[in-house]
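An overview of the molecular structure
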Amino acid sequence: MKRVLKLAVLAGAVTTALAFAGNALAVQKLSVNQTPTSLTIKLTQAQSDPQPAKIQIFVPSGYTLNTSAAPGTVIGTTSGSVFARDANIPLPLSGDVVVAPPNTNAAPCFTGTHMAVWLLRLQVAGQSINLPIAVDATSGSNALLGSFQLVTCLAPADVPQGTPGRSPNGAQLLEAVFTVNNVFQVPALQTTWNALTTPYTPGTGTPNAAGTVETRALVSGGTVTIGTRVTNKKKRTLRISGKLTQAGAAVAGSQVRLSLNGKASRFTARTSPTGNYTVVLRKTGKKSVTTFQARVTVPERDITSTGCQSPSLPGVVPCVSATASGFTAVSRKVRIRL
């Protein structure tokens, strides 16, 4: 006969999530998520931010790159949105990521032959747009930011209609997401991605190098620990506690759920500003052995306050935002007889 364990929550940690302050001057963000076979990069910015003239995304050291796919090969998907100035409305976009010949150019942003070129083959408002991304090894000072760089150029959106080279419909970037499959071999350790975004000077169609900003994305799994301690044998109370971290840093405001004997329970606690959580339980019924385990799923979150403390190019390019990838963590199992 199965034993029934009845538990009553006596106390738990009550905390609030940390609030992360962004940079008031710009809200560009870089997000990166990965699996062993796929890599997803997301770029976002506010409608109030100027249109990027050039975006450089730096692939951290430790990644290997597969460039063997022939031109025309579909290696992923892309989606996002733009704000169409001509119609004064946001528009969704979607499509495929397709390998292009390595000498494909998007002058004047980048020219020459590259390690690889990917086309974001987009459909927006009934129009087809091919946005090239050049893939190259880094050199010089850029080598400090990563092993490879992904570079793309956008057309100006706020110059008068009819201006040569103006973006279709005056489309201004709001969000761009692309996933590539079987292109990168990802390292097991945590990595930090960096991107440099150079905007246009408003209304001119001229890149503003002095307005370049850095954005960052931490890619890492997380860890949740668990420990148990009987606090009162007579009353049969038990204190369960642990800590949630990502890349060694505490993760606050996340809900940790306990599993009992391999089954999810209703008992939860939120992590404190130091990443700690506590649940106190009381057991009733016959004495038995119970197995406890902690589980938590953390969504992508903003870590600008800590992630931008040391810009890659201090005094030259400000770091305006940093994100941390989402993750799921499961603790070890602990058994206690009570």
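Residues numbered from 1 in each chain as written. Predicted model: local features only at pLDDT ≥ 70, side-chain atom pairs only at ≥ 80, totals over all residues. Heavy atoms only, no water.

Moving on: the overall build of the chain. Within the chain, the regular secondary structure consists of one helix and 27 strands. In the chain, 66% of the contacts between residues at least 6 apart in sequence involve partners at least 24 apart. Approximately 16600 Å² of the chain is accessible, and the part contributed by carbon and sulfur atoms is 54%. Each charge class in the chain can be summarised by its mean position, and for the 31 positive and 9 negative side chains these summaries are 36 Å apart. (Helix = DSSP H or I, 4+ residues; strand = E, 2+ residues; numbered from the N terminus. Contact = heavy atoms within 4.5 Å. Areas by Shrake-Rupley, 256 points an atom, 1.4 Å probe, with all protein chains shown as cover. Lys, Arg positive; Asp, Glu negative; His and termini not counted. Charge placed at Lys NZ, Arg CZ, Asp CG, Glu CD.)

With that settled, the discussion passes to the confidence of the model for the chain. In this model, the chain carries a mean pLDDT of 89, and residues with pLDDT of at least 70 account for 91%. Note on residues 1-25: pLDDT is under 50 here. Beyond four places in sequence and across chains, it has 46 contacts. (pLDDT = per-residue confidence, 0-100.)

So, on to the pattern of salt bridges. Following the criterion strictly, the structure yields three salt bridges and no others. In this structure, Asp 302 and Lys 29 form a salt bridge, with 2.9 Å as the shortest nitrogen-oxygen distance. Of this pair, Asp 302 sits in strand S24 (residues 301-302) while Lys 29 is found in strand S2 (residues 29-34), placing the two residues 273 residues apart along the sequence. Given a relative accessible area of 31%, Lys 29 falls into the partly exposed group. Residue Arg 166 pairs with Asp 86 through a salt bridge whose shortest N-O separation is 2.7 Å. Taken together, the residues span a long stretch of sequence, with Arg 166 in the loop between strand S10 (148-153) and strand S11 (171-181) and Asp 86 in the loop between strand S6 (74-84) and strand S7 (89-100) at a distance of 80 residues. (Salt bridge = Lys/Arg side-chain N within 4 Å of Asp/Glu carboxyl O. Buried < 20%, exposed > 50% of the residue type's maximum accessible area, 1.4 Å probe, protein only.)

As a further point, take the side chain of Arg 166. For Arg 166, a relative accessible area of 17% gives the class buried. If sequence neighbours within four positions are ignored, Arg 166 has contacts with Asp 86, Ala 155, Pro 156, Ala 157, Val 159, Pro 160 and Gln 161.

Next up on the list: the nonpolar core. Grouped together as the largest cluster of nonpolar side chains are 39 residues, with contacts concentrated most on Ile 41, Trp 118, Leu 150, Phe 178, Val 180, Phe 184 and Trp 193. Counting residues in hydrophobic clusters, the runner-up holds 23 residues, among them Val 224, Leu 238, Leu 258 and Val 296. (Core = buried A, V, L, I, M, F, W, Y, C linked by side-chain atoms within 4.5 Å.)

We now examine unusual backbone geometry. Phi angles above zero are rare outside glycine, and Asn 88 is one such case at about 60°. Phi at Asn 169 is positive, roughly 60°, even though this residue is not glycine. Inspection of the secondary structure puts Asn 169 in the loop between S10 and S11.

This part takes up the state of the cysteines. The final tally for this structure, using the stated rule, is one disulfide. A sulfur-sulfur separation of 2.0 Å characterises the disulfide bridge that pairs Cys 308 with Cys 319. Taking the sign of the torsion about the S-S bond as the criterion, the disulfide between Cys 308 and Cys 319, at about -50°, is left-handed. Here the residue Cys 308 occupies a position in the loop between helix H1 (304-307) and strand S25 (319-324), and Cys 319 occupies one in strand S25, the gap between them amounting to eleven residues. Take Cys 308 and Cys 319: they sit in the same class, and that class is buried. (Disulfide = S-S within 2.5 Å.)

Here we take up the pairing of S6. Moving residue by residue along a regular strand, the side chains alternate between the two faces of the sheet. For S6, a buried count of eight out of eleven residues is recorded, marking the element as mostly surrounded by other parts of the structure. Here ten bridges tie S6 to S7, and the two strands are oriented antiparallel to one another. When the bridges of S7 are listed, Gly 76 appears paired with Val 97. Linking S6 to S7, which pair antiparallel, is a turn of four residues; within it Asn 88 sits at a positive phi near 60°. (Pairing = 2+ DSSP bridges.)

Bringing the packing of aromatic side chains into the picture now. By the definition in use, this model includes three aromatic pairs. Seen in terms of ring centroids, Tyr 63 and Phe 184 are 6.3 Å apart; in terms of plane orientation they differ by 90°. Their pairing is edge-to-face. Of this pair, Tyr 63 sits in the loop between strand S4 (52-59) and strand S5 (64-65) while Phe 184 sits in strand S12 (residues 184-185), placing them 121 residues apart in sequence. Both residues of the pair, Tyr 63 and Phe 184, count as buried. Ring centres of Trp 118 and Phe 184 lie 6.2 Å apart, and the angle between their planes is 85°; this geometry places the pair in the edge-to-face category. Here Trp 118 is found in strand S8 (residues 116-124), whereas its partner Phe 184 is found in strand S12, with 66 residues between them in sequence. Exposure class is identical for Trp 118 and Phe 184. Each is buried. Within the aromatic cluster, the residues linked to one another by ring pairs are Tyr 63, Trp 118, Phe 184 and Trp 193. (Phe/Tyr/Trp six-rings, centres within 6.5 Å; stacked < 30°, edge-to-face > 60°.)

We now examine the environment of Thr 191. Tracing the backbone through its elements, the reader meets Thr 191 in strand S13 (residues 191-201). You can call Thr 191 buried: its relative accessible area is 7%. The spatial distance from the C-alpha of Thr 191 to the C-alpha of Gly 307 is 12 Å, given a sequence separation of 116 residues. Not counting residues within four places of it along the chain, the set of residues in contact with Thr 191 comprises Pro 60, Tyr 63, Ala 217, Leu 218 and Val 219. In terms of polar contacts, Thr 191 uses its side chain to reach the side chain of Tyr 63, at 3.0 Å. (Polar contact = N/O pair within 3.5 Å; in protein donor to acceptor, adjacent residues only side chain to side chain.)

Let us look at the environment of Leu 122. Structurally, Leu 122 is set in strand S8. For the pair Leu 122 and Pro 199, spaced 77 residues apart in the sequence, the C-alpha separation amounts to 22 Å. The residues contacting Leu 122, other than those within four sequence positions of it, are Thr 78, Leu 93, Ser 94, Gln 127, Ser 128 and Ile 129.

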